[in-house]
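Chain by chain, the residues:
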Amino acid sequence: MIRQDYLMRLLDQLAQALARVLSLRENEARGQALDFLNRESERLIGIDGAMLEILSPDAIRKTTASVEKGFVAARILEEISLISEEEGDHHRATAAAVKAFWLYAAAAQADASATDNTFRERIAGFGDACAERGLAEGDLLSLMAGYEMLGEFGRAEDALFALVEVAGRPEAVLPVGRDFYARLAEYEDAELEKGGLPRNELHDGIEGFRARVQSRMSRREIPDETREAEGAANSS
């Protein structure tokens, strides 16, 4: 559960730090801005900004050990992404943005009662902006996981399809898709409908996923790993 008073204290301190970062950015002192942000990250959440860029999103969540600090970590990574983009480092900006999205989604999932629909839509929109960057495999997996945590199942499926297109070994995506559709089959109809992937579309989704993998594998026979998920979707 999000402790709103604690979160607000952290965000107040972060806002003061970000005001200083903005001033440095406006003076094109982006290196100084990143250095300052790294130090403030260490002070606020116990992990400096450079380490935030190295750790996986899940490792950041476990290391911060609180929803509130995970949320602040997301905001710091979002700022790192903005500065990196200004410096022309698209790869670094993208990696930081996707991590920020995952952490925002994890915070929203941890306490749905504390996050209104407007906030959740903002997070989903942030994920959409990440998706437009042309993501690599690892980033697409994080994007897909973030959408699923938000209950945005249609968007998560889109990320899965994009993953098939960029995967070095498309057959390795089969268990990812199998597990995804199996999880969706366990949801109530109303939740699937709200998430943009009604139950009556799960079968088409599974078949579309298999067809995409088949196409990427240049007609090689693919393992029948999605049949179990398909059966679950049809029987639920």
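Each value, and the rule that gives it
Residues numbered from 1 in each chain as written. Predicted model: local features only at pLDDT ≥ 70, side-chain atom pairs only at ≥ 80, totals over all residues. Heavy atoms only, no water. Phe/Tyr/Trp six-rings, centres within 6.5 Å; stacked < 30°, edge-to-face > 60°. Helix = DSSP H or I, 4+ residues; strand = E, 2+ residues; numbered from the N terminus. Buried < 20%, exposed > 50% of the residue type's maximum accessible area, 1.4 Å probe, protein only. Lys NZ or Arg CZ within 6 Å of the ring centre and 35° of its normal. Axes fitted to C-alpha atoms, helices over the stretch in contact; angles between N-to-C directions. Parallel < 35°, antiparallel > 145°, perpendicular 65-115°, else oblique. Left-handed = near helix turned anticlockwise from the far one by under 90°. Contact = heavy atoms within 4.5 Å.

Asker: Can you lay out the packing of aromatic side chains for me, pointing to particular residues and giving the numbers?
Answerer: The final tally for this structure, using the stated rule, is 7 aromatic pairs. With centroids separated by 6.2 Å and ring planes inclined at 55°, the aromatic side chains of Y181 and F209 adopt a geometry described as tilted. Of this pair, Y181 sits in helix α10 (residues 174-185) while F209 sits in helix α12 (residues 202-216), and the two are 28 residues apart along the sequence. The same class applies to Y181 as to F209, namely buried. What links up through ring pairs into an aromatic cluster is the set F71, Y104, F119 and F126. Sitting over the ring of Y104, R122 keeps its end group 5.7 Å from the ring centre.

Asker: For the packing of helix α7 (residues 117-131) against helix α8 (residues 137-150), give the residues involved together with the corresponding values.
Answerer: Relative orientation of the contacting elements α7 and α8 amounts to 160°, with a least axis distance of 11 Å. Considering their axes alone, α7 and α8 lie roughly antiparallel with respect to each other. The hand of the α7/α8 crossing is left-handed. Facing α7, whose interface residues are R120, I123, A124, G127, D128, C130 and A131, α8 presents L143, Y147, M149 and L150.

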